[in-house]
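Chain by chain, the residues:
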Amino acid sequence: MKQFLAFIRKEFFHVFRDRRTLLIMFGLPVAQIVLFGFALTSEVKDITLTIIDNSRDINTQQLIGKIKSSSYFVVQESTIDYNSIRDSFKKGKAKCALIFPAGFGNDLQHVGKAQVQIITDGSDPNTAKTVVNYITAIMTAYQQEISPSARLPYMIIPEARMLYNEEGNGSLNFIPGVMALVLMIVCTALTSVSVVREKELGTMEILLVSPFKPLMVLIAKAIPYLILSLANFILILVLAVFVLNVGIKGSIVLLFLESMLFIITCLSLGLLISNATNSQQTALLISMMGMMIPTMIFTGFMFPLENMPMPFQVISNVVPSRWYFLIVKAVMLKGLGIEYVWKETLVLLGMTTAALTIALRNFKTRLS
C-alpha cells in the first residue's frame, strides 16, 4: 500500500511540474466554458435588413417601425433600386430585404389582404429561415393588432425567396464549413510533427549538414502534405457535387487556387507549431485541439458570429478558416469572382507570410 501511495505521490509531482499539463488540465476547460457560454446560441441578432417601400402609407410605416423596434434587426436606409439589393447581398452588407408593393395599405384596407416580399441570403439556410420566421411573427402580431375582431379579415401574405439557395438545401452551408474544418485540422496536424520528429528521433544533425537552406528544408517538408491535401480537397468536392447535390456556381479554377492558398496557410501554421514545440504529442495536441475548437466556433458555419460579444468577433479575425469559409461561400455557392473575395485572399496571404516567417526564424534557431 505504501508503494502504491508513493507512486500516486510521484505522479502528482510530475503533473504539477509540467506547466503545459496544468494548462491543458485547467486552462482548456475554462476556455471551453467561456467560449461555449458566450458564443453558442440559437438566436440570430443584428440582422442587416434593407427595405424597399413602394407604397409609403400608414400601414407600411407602422410595420417598418415595429421592425426597427425589434432587437433582431438593423434596418438600413430605404432604397428604391431593386438592383442595389443584389449588390448589398453580394458585398455581404445585407442578409435580408423586405419589399412592400405599391398599394399595400389600400389592398389591406379594401381587399382584406396584401402581399410583401422577403428576400434572404439562402447560402446560410438556417439563418435565412430564422429571419423569415422573425418577420412573419412581427407581421402576424401587427395583423392581430389592426384586426382584433374576426369581422375584419385582414391578411398579410409574406412571399419569401432565398437567393442562391431556392430549395433551402442545408448542405450548401454545411459543405463550406466542413471543407474549412477538415483542411484546417488535417493540414496543420500533418505538418506540426514534421520538424519536432527530427529532434525526437535524433536526426536533426542530418539537417545541420544538409546543403539546403532552411527555407528549402521547410518547403520540402510541406510539399508532400500539400499534394495530399489537394487530393483531399478534390475528394470533398466530388462528394459534395455527386453525393450531396451541391453545385459549383462559380469558377472552379478560382476555388481551387483559393483552396490551395488556404492549404498553404494551414501548412505554414503547422510548421510554426512544429518549430515551437519539443514533442510530437504536444504538437499534435496544439494542432488538433487548438485549431478544431476555434474553427468550429469562430468560422461562422455553425454559429452566427453576429451573436458573439465584440471581443470574440475580434478574435475570429485571426482564424484563417473564417476567411476561407467566406471565400468558398462566395465562389462556390454565389458564383462570385475574385473582385468580391480579394480582401479575404489578402488576409490569407498575410497570415501565410507571417506564419512562415516565424517558423523559418525558429527553425534557424534550432539548427544553430
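All values reported here derive from a predicted model rather than from experimental measurement.

Rules used throughout
- Residues numbered from 1 in each chain as written.
- Predicted model: local features only at pLDDT ≥ 70, side-chain atom pairs only at ≥ 80, totals over all residues.
- Heavy atoms only, no water.
- Buried < 20%, exposed > 50% of the residue type's maximum accessible area, 1.4 Å probe, protein only.
- Helix = DSSP H or I, 4+ residues; strand = E, 2+ residues; numbered from the N terminus.
- Pairing = 2+ DSSP bridges.
- Phe/Tyr/Trp six-rings, centres within 6.5 Å; stacked < 30°, edge-to-face > 60°.
- Lys NZ or Arg CZ within 6 Å of the ring centre and 35° of its normal.
- Expected span 1.5 Å × (residues − 1).
- Polar contact = N/O pair within 3.5 Å; in protein donor to acceptor, adjacent residues only side chain to side chain.
- Lys, Arg positive; Asp, Glu negative; His and termini not counted.
- Salt bridge = Lys/Arg side-chain N within 4 Å of Asp/Glu carboxyl O.
- Contact = heavy atoms within 4.5 Å.
- Arc of directions from axis to C-beta.
- Disulfide = S-S within 2.5 Å.

Examining the pairing of strand 3 (residues 96-100)
Here is the key point about a regular strand: its side chains alternate between the two faces of the sheet.
Then comes step 1: The buried fraction of strand 3 is high, at 5 of 5 residues.
Then comes step 2: Of the two faces of strand 3, both are covered, the one formed by C96, L98 and F100 as well as the one formed by A97 and I99.
Then comes step 3: Here 5 bridges tie strand 1 (residues 47-53) to strand 3, and the two strands are oriented parallel to one another. Considered in strand 3, the bridge of I52 is made with I99.

Thoughts on the packing of aromatic side chains
Then comes step 1: The final tally for this structure, using the stated rule, is 6 aromatic pairs.
Then comes step 2: Between the aromatic rings of F298 and F312, the centroid separation amounts to 6.2 Å while the plane-to-plane angle is 20 degrees, which identifies the pairing as stacked. Within this pair, whereas F298 is found in helix 12 (residues 280-298), its partner F312 is found in helix 13 (residues 310-316), the two being separated by 14 residues in sequence. In this structure, F298 and F312 share a single accessibility class: buried.
Then comes step 3: Joined through ring pairs, the aromatic side chains of Y72, F73 and Y134 make up one cluster.
Then comes step 4: Over the aromatic face of W323 sits the side chain of R322, whose NZ or CZ is 4.8 Å from the ring centroid.

With respect to helix 6 (residues 125-146)
Then comes step 1: Look at helix 6: 32 Å from first C-alpha to last across 22 residues, which is about the 32 Å you get at 1.5 Å a residue.
Then comes step 2: Residues of helix 6 that are buried include every one of P125, T127, A128, T130, V131, V132, Y134, I135, I138, M139 and Y142, and no others.

Regarding the side chain of T277
Then comes step 1: Within the secondary structure layout, T277 lies in the loop between helix 11 (252-276) and helix 12.
Then comes step 2: Judged by its relative accessible area of 2%, T277 is buried.
Then comes step 3: One polar contact links the side chain of T277 to the main-chain carbonyl oxygen of I273, over a distance of 2.9 Å.

Some details on the side chain of E344
Then comes step 1: Tracing the sequence through the fold places E344 in helix 15 (residues 342-367).
Then comes step 2: At 7.7 Å, K343 is the nearest oppositely charged side chain to E344, a buried residue that forms no salt bridge.
Then comes step 3: Each residue touching E344, except ones within four places of it in the same chain, is listed here: W323, L326 and I327.

Some words on unusual backbone geometry
Then comes step 1: Phi at R56 is positive, roughly 55 degrees, even though this residue is not glycine.
Then comes step 2: The topology assignment puts R56 in the loop between strand 1 and helix 3 (58-69).
Then comes step 3: A residue is classified by how much of its surface remains accessible, and R56, at 55% relative accessible area, is exposed.

Overview of helix 5 (residues 104-111)
Because each turn of an α-helix spans 3.6 residues, side chains separated by three or four positions in sequence point in the same direction.
Then comes step 1: Residues F104, G105 and L108 constitute the buried set of helix 5. One face of helix 5 carries all of its buried residues, which in axial projection span an arc of 100 degrees. Away from its buried face by more than 90 degrees, helix 5 exposes H110 and V111.
Then comes step 2: Following helix 5 by one or two positions, G112 has its phi on the positive side, about 95 degrees.

Thoughts on the state of the cysteines
Here, disulfide denotes a covalent bond that connects the sulfur atoms of two cysteines.
Then comes step 1: Under the definition given, this model contains 0 disulfides.
Then comes step 2: With no disulfide of its own, C187 has C266 as its nearest cysteine by sulfur position, at a separation of 5.2 Å.
Then comes step 3: A relative accessible area of 0% places C266 in the buried class.

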